[in-house]
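Working through the structure, step by step
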Amino acid sequence: MSAAAAPPDSVLFCADLVRSHDFPRYAATLFAPAAERRALLALYAFNVEIVRVRDQVSQPLPGEIRLQWWTDMLSGHVHGSAEGNPVAAELLRAIRDFDLPVEPLSLLADEHQFDLYNDPMPTLTALEGYLAATSSALLGLAGRVMGAPPDAADHLARHAGLAQGIVQVIANLPRDAAHRQLFLPQQVLESHGCSMEDVFAGKATPNLHAVLEQLAGEARQHATTAVSLLAQVPPSVRPAFLPLSQAQADLKRLTQPGRNPFALLPPSRLRTLWTLWRASRSREFTK
């Protein structure tokens, strides 16, 4: 398939998909030039499609088939059906135009097979590995689109992605627990005497608060490191890492004293735009 032949509607499709399902990343693309913004939206639309598989199937096998389609497409083994998929068309175009490596995208899809099962996340190290292959990999590719040297982009992306991913794990606790699925590491739960069944029952015990505080501390450390590494990339690259500022803002809201961890974090597009705009004007993003 020729990615150059992708119709304009595919661009709008990806923009609408990301705006509807991942507004913070969509808003971050508004700070990028037009060509880079198109490629970023393709990456983020691909991520939305992969993440949504979990909610679109009732059994693991159909989910694995859907994820396999994407890995086959990236390896060049899908032809006719890929031509009619606007996200695939835009993703292939971004890969070509910005010389993006395919392997991280394939690994991202493979890693999300974990989402299809109710197996517990065993350790903090396992969680970090999962997030490195998903959140961090996506940020690293976004950094390359914006022109970051690969080594600098990947180092920064690792810490920014871990911070962002851990915050998402905390924010998604109500939904995950309702499905009897936990991304909270079993090792951390056990170290604080927190029962998985209590979490599934929605009990906001002191033990659970201790678990979440430990994870929040890990997220803060990674965010601090990521912010310090921003100085090592050109200012033109930094819009790729604006989603980190949203994660930091969400973490503050998620860790407010007395907050019920099983209460969903209310989304606010206006608040997101304000957070990203302030971050884009901050010393870390402009110096």
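Values in this document were obtained by computation on a predicted structure and should not be read as measured data.

Notes on the overall build of the protein
- Broken down by element type, the protein carries 16 helices and zero strands.
- Taking 2.2 N^0.38 as the reference for a compact globule, 287 residues should give roughly 19 Å; the C-alpha atoms of the protein span a radius of gyration of 19 Å, in line with that estimate.
- Reported as C-alpha extents along the three principal axes, the dimensions of the protein are approximately 55 × 50 × 35 Å.
- Here the protein holds 287 residues, and the buried ones make up 50% of them.
- Nonlocal contacts in the protein, meaning residues at least 24 apart in sequence, comprise 72% of its contacts between residues at least 6 apart.
- Here the protein displays about 12,900 Å² of accessible surface, and carbon together with sulfur accounts for 54% of that area.
- Charged side chains of the protein number 25 positive and 28 negative; the gap between the two group centres comes to 10 Å.

Thoughts on helix H6 (residues 86-98)
- Between its terminal C-alpha atoms H6 stretches 18 Å, which fits the 18 Å expected from 13 residues at 1.5 Å a residue.
- All buried positions along H6 are accounted for by Val-87, Ala-88, Ala-89, Glu-90, Leu-91, Ala-94 and Ile-95.
- Where H6 terminates, the next one or two residues include Asp-99, which has phi positive at roughly 50°.

Considering the side chain of Arg-25
- Relative to the helices and strands, Arg-25 resides in helix H2 (residues 23-29).
- Once residues lying within four places of it in the same chain are set aside, the contact partners of Arg-25 are Val-18, Tyr-44, Asn-47, Leu-138, Gln-164 and Pro-243.

A closer look at the packing of helix H14 (residues 243-254) against helix H15 (residues 269-280)
- Look at H14 against H15: their axes get within 9 Å of each other, and the N-to-C directions meet at 120°. Between H14 and H15, the crossing angle belongs to the class labelled oblique. Crossing of H14 against H15: the hand is right-handed. For the pair formed by H14 and H15, the contact residues are Ser-245, Gln-246, Ala-249 and Arg-253 on the first element and Arg-271, Thr-272, Thr-275, Leu-276 and Ala-279 on the second.

Some words on unusual backbone geometry
- One non-glycine residue with positive phi stands out, namely Asp-99, at about 50°.
- We classify Asp-99 as exposed; its relative accessible area is 68%.
- One non-glycine residue, Arg-180, lies in positive phi territory at about 55°.
- Tracing the sequence through the fold places Arg-180 in the loop between helix H10 (173-178) and helix H11 (186-191).
- Of the residues examined, Arg-180 reaches a relative accessible area of 41% and is grouped as partly exposed.

Description of the nonpolar core
- Counting residues in hydrophobic clusters, the biggest one holds 59 residues, and the most contacted among them are Leu-43, Phe-46, Leu-91, Leu-105 and Phe-241.
- A total of 11 residues in this core trace back to one element, the largest contributor, which is helix H3 (residues 34-56).
- Setting aside chain neighbours within four positions, we find Leu-105 in contact with Leu-43, Phe-46, Leu-74, Leu-91, Ile-95 and Leu-141.
- Counting 32 residues, the second-largest nonpolar core is a separate cluster that includes Leu-127, Leu-189, Val-199 and Leu-254.

Side note on the environment of Arg-220
- As for its position among the elements, Arg-220 is in helix H13 (residues 206-229).
- Classification of Arg-220 by relative accessible area gives partly exposed; the value is 34%.
- Taking the C-alpha atoms as reference, Arg-220 lies 16 Å from His-155; in sequence the two are 65 residues apart.
- Look past the residues within four positions of Arg-220 in its chain and what remains in contact with it is Glu-213, Leu-251 and Thr-255.
- In terms of polar contacts, Arg-220 uses its side chain to reach the side chain of Glu-213, at 3.1 Å.

Quick word on the packing of H3 against helix H7 (residues 103-111)
- In the contact formed by H3 and H7, the axes pass within 10 Å of each other and the chain directions differ by 20°. Of the possible angle classes, the one that applies to H3 and H7 is roughly parallel. H3 and H7 meet at a crossing whose hand is right-handed. Across the interface between the two elements, Leu-43, Phe-46, Asn-47 and Ile-50 of H3 pack against Leu-105, Leu-108 and Ala-109 of H7.

Notes on the packing of aromatic side chains
- Under the criterion given, the structure shown has seven aromatic pairs.
- When the ring of Phe-23 is compared with that of Tyr-26, the centres are 5.9 Å apart and the planes differ by 35°; the resulting orientation is tilted. Residue Phe-23 and its partner Tyr-26 are both found in helix H2; the two are separated by three residues, about one turn of the helix.
- Plain terms: the ring middles of Trp-274 and Trp-277 are 5.5 Å apart, the flat faces sit at 20° to each other, and that makes the pair stacked.

The rules behind each value
- Residues numbered from 1 in each chain as written.
- Predicted model: local features only at pLDDT ≥ 70, side-chain atom pairs only at ≥ 80, totals over all residues.
- Heavy atoms only, no water.
- Helix = DSSP H or I, 4+ residues; strand = E, 2+ residues; numbered from the N terminus.
- Rg over C-alpha atoms; globule rule 2.2 N^0.38 Å.
- Buried < 20%, exposed > 50% of the residue type's maximum accessible area, 1.4 Å probe, protein only.
- Contact = heavy atoms within 4.5 Å.
- Areas by Shrake-Rupley, 256 points an atom, 1.4 Å probe, with all protein chains shown as cover.
- Lys, Arg positive; Asp, Glu negative; His and termini not counted.
- Charge placed at Lys NZ, Arg CZ, Asp CG, Glu CD.
- Expected span 1.5 Å × (residues − 1).
- Axes fitted to C-alpha atoms, helices over the stretch in contact; angles between N-to-C directions.
- Parallel < 35°, antiparallel > 145°, perpendicular 65-115°, else oblique.
- Left-handed = near helix turned anticlockwise from the far one by under 90°.
- Core = buried A, V, L, I, M, F, W, Y, C linked by side-chain atoms within 4.5 Å.
- Polar contact = N/O pair within 3.5 Å; in protein donor to acceptor, adjacent residues only side chain to side chain.
- Phe/Tyr/Trp six-rings, centres within 6.5 Å; stacked < 30°, edge-to-face > 60°.

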